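Close look at the chain arrangement
Here's the letter readout for the chains.
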Amino acid sequence: MIGFNGSVQGYFRSTRGLRQGDPLSPYLFVAAMNCLSLMLDRAAAEGRVGYHHHCREAKLTHLCFADDLLLFCDGSLDSVKTVMDVLQQFAEVSCLKVSIAKSSFFSCGLSEDEANRISQETGLSQGQLPVRYLGVPLVTRKLSMSNCEPLIQQGSTEGHHSARVSWDTVILPKSEGGLGIKDLHHWNKACSIKLIWLLFFRSGSIWVAWFSKTILQSCTSNFWIIKEKQSHSHTVKKLIRVRDLAYPWIKVKVGNGRTTRFWVDNWSPFGNLRTFLNLSQSSTLGTRATATIDDLCREGIWSLPSPRSEQQLSLHAHLTTINLSEEEDTIFWMPQGKKLSTFSTGMIYDLLREHKPQVLWHKAVWTSRGIPKQNFLTWLVHLNRCPTKDRIVGWGLQTDPRCVLCNMVLETRDHLFFDCNFSFSTWSALATKARTPQIRQWNQVVNYMQSIQAAKHIRLLQLLAWQTAVYFIWTERNSRIHRGSFRSVDSITSVASSLIKNKISSLRNSSPQLSSSMIQIWLSD
């Protein structure tokens with residue numbers, strides 16, 4: 001059955017089975033990989049596969065990334081052969097076979113003879129560290145631009161998928177209303193704070209479990225006092241550097257007081273008590289630095305010296321209101337003075353980012369009834385963040401700088417949209433149907449789009465035609481470079497026109513009058 005415009009129509013018999021992109025595919029994949037996961041874990045539990053020495057405590061045998069599988073063992077030939085046997089058993093029951101030609105093993109601490117024997121026994125080739133995933137090395141340090149170069153070259157050129165690649169934004173100064181260094185810095189902070197949230201509230205994550213056990217020594221309160229070390233990974237360092245921002249937003253509700261550190265956890269209205277009392281780093285008023293609330297309160301009596309300052313007096317007054325119970329201490333999220341049950345990266349980013357007046361082109365680019373991927377690509381194009389050839393050359397990469405559509409002049413953003421004769425012909429055809437002035441200069445087009453003086457249905461149609469032209473020109477440019485696929489102006493405008501027509505039809509249920517007015521104009525010629 002086919003669902004079209006909210007109704008079910010027709011029937012066809014499936015003859016090709018499940019295809020990539022089918023919504024059922026992830027569920028079937030997870031079900032199958034769970035079986036493999038159980039088989040590997042059972043082999044390790046029975047002692048047939050030795051754990052990697054860094055994975056023994058977590059009992060970690062493997063990690064799955066889509067259709068890629070990372071396996072960990074102690075490196076002995078017996079363990080490797082057992083792993084291969086498990087994969088063979090899994091292939092027999094699932095028909096999912098490992099491609100030996102595309103698989104490699106990575107070793108550290110093995111002699112050359114041991115590595116060669118593993119290669120001979122299994123048919124696996126020996127890879128070189130660091131391991132690369134999607135062309136990017138899996139390293140603990142901060143990724144550099146050279147590390148990401150393969151991903152930039154692949155992702156920045158795959159049709160509309162290029163809109164999702166934003167590595168180039170990392171090296172640009174901030175543009176008006178756009179994504180720049182400060183924005184990325186704030187977003188990094190927001191994501192780091194999200195990791196803190198996961199650390200405190202979702203210990204089921206493998207990475208969080210490792211962080212809690214190895215870095216925090218199984219006590220989350222240590223997070224507020226650990227010092228940054230050279231041996232820490234880039235992610236750990238980022239978490240430590242952002243913790244002062246997160247501290248006021250992560251509160252503790254005291255129950256029995258057995259897991260809440262008196263001096264470092266945010267359990268009182270005064271925040272960090274050492275800071276509130278202006279104490280030196282070594283002073284804890286005669287108590288242990290790691291003392292919990294339960295340690296200092298016995299039968300309602302607090303083991304603290306008499307107050308000697310106004311701050312200490314305020315603390316003692318607050319302590320008289322604390323009544324310990326048998327309930328566990330609980331941690332909750334409180335970023336704006338209001339207790340929340342879920343974490344929102346968007347909210348944190350909004351709190352961290354620098355707020356500025358809204359740019360004039362905002363509504364022209366982020367149209368409420370537009371096509372999201374076209375909105376996003378238009379945003380990148382307007383900020384000049386798409387990897388056009390002039391920018392690729394500026395990164396030091398070797399490429400033919402000429403426009404692939406006209407093969408005449410240097411490819412820049414302003415040339416591609418719409419100074420190039422090919423792209424202008426495409427834009428002109430769609431602009432005519434949408435009753436839009438045929439403007440070639442990019443900045444003039446943007447100025448017109450942000451100040452359209454027309455009825456709502458005409459304005460939306462013109463914006464939709466403009467963004468569709470940008471999208472299909474960029475797609476055609478990428479297809480010619482990387483797929484060797486060439487289409488004529490008529491072919492592109494035909495497909496683009498059909499897409500706009502379908503988009504207008506999709507508005508029929510929510511806004512029938514708007515949809516009707518738009519389709520009349522679009523089909524009028």
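Residues numbered from 1 in each chain as written. Predicted model: local features only at pLDDT ≥ 70, side-chain atom pairs only at ≥ 80, totals over all residues. Heavy atoms only, no water.

A short note on a nonpolar patch on the surface
Keep this limit in mind: Patches in this entry comprise residues that are over 30% relatively accessible and not in a salt bridge; like charges within 9 Å are linked, as are nonpolar side chains (Val, Leu, Ile, Met, Phe, Trp, Tyr) within 5 Å. Using a 1.4 Å probe, the Shrake-Rupley method yields the accessible areas, and only the shown protein chains count as cover for residues. Salt bridges are defined as contacts in which a side-chain nitrogen from Lys or Arg sits within 4 Å of a carboxyl oxygen from Asp or Glu. Strands here mean DSSP runs of E at least two residues long; helices mean DSSP runs of H or I at least four residues long; both are numbered from the N terminus. The classification of residues rests on relative accessible area computed with a 1.4 Å probe and restricted to protein chains. Under 20% of the type maximum is buried, over 50% is exposed, and intermediate values are partly exposed.
Residues L24, Y27 and L28 make up a contiguous nonpolar surface patch of about 350 Å² in total accessible area. You can see L24 is positioned in the loop between β2 (7-9) and α1 (25-45). By relative accessible area, L24 is classed as partly exposed at 44%.

Focus on the packing of helix α6 (residues 206-215) against helix α7 (residues 234-246)
As a reminder, the rule being used: Lines fitted to C-alpha atoms define the axes here, with helix axes fitted over just the stretch in contact, and angles between the N-to-C directions of these axes take values from 0 to 180 degrees. In what follows, roughly perpendicular refers to angles from 65 to 115 degrees, roughly parallel to angles under 35, roughly antiparallel to angles over 145, and oblique to any angle outside these ranges. Between two residues, a contact is recorded if the distance between any of their heavy atoms is within 4.5 Å. We call Asp, Glu, Lys and Arg charged. Ala, Val, Leu, Ile, Met, Phe, Trp, Tyr, Cys and Pro are nonpolar, and the rest, Gly among them, are polar.
It is the contact of α6 with α7, at a shortest axis distance of 13 Å, that shows an interaxial angle of 75°. Classified by the angle their axes make, α6 and α7 are roughly perpendicular. Judged by residue contacts, W207, W210, F211 and I215 of α6 engage T235, V236 and L239 from α7. Class assignment for the residues of the contact of α6 with α7 results in 6 nonpolar, 1 polar and no charged.

Side note on the nonpolar core
Note the threshold: Among buried residues, those of type Ala, Val, Leu, Ile, Met, Phe, Trp, Tyr and Cys that are joined through side-chain atoms within 4.5 Å constitute a nonpolar core.
Core analysis: the biggest nonpolar cluster contains 53 residues, and F417, F418, W427 and W466 have the highest contact counts within it. Top element by residues in this core is helix α18 (residues 456-482). It accounts for 13 residues. Residues in contact with F418, not counting those within four places in the same chain, are S423, F424, W427, I439, R440, W442, V445, W466, A469, V470 and I473. Core analysis: the next-biggest nonpolar cluster, separate from the first, contains 44 residues, L198, V242, W267 and C297 among them.

Quick word on helix α2 (residues 77-94)
Where we set the bar: For a helix, the expected span equals 1.5 Å multiplied by the residue count minus one.
Helix length check: α2, at 18 residues, gives a terminal C-alpha distance of 26 Å against a target of 26 Å (1.5 Å per residue), a fit within 8%. All buried positions along α2 are accounted for by L77, S79, V80, T82, V83, V86, L87, F90 and A91. Elements in contact with the buried residues of α2: α1, β4 (68-71) and α3 (112-122). C95 lies just past α2 and shows a positive phi near 65°.

Looking at α1
Put simply, the rule reads: Each C-beta atom gives one direction from the helix axis, and the arc is the one those directions make.
Between its first and last C-alpha atoms α1 spans 30 Å; for 21 residues at 1.5 Å apiece the expected length is 30 Å, and the two agree. Buried residues of α1: A32, M33, L36, S37, L40, A43 and A44, and no others. Within α1, the buried residues cover an arc of 150° as seen down the axis, which keeps them to one side. Opposite the buried face of α1, at more than 90 degrees from it, the exposed residues are Y27, L38, R42 and A45. Buried residues along α1 sit in contact with β3 (62-65), β4 and α2. Phi turns positive, to about 85°, at G47, one or two residues after α1.

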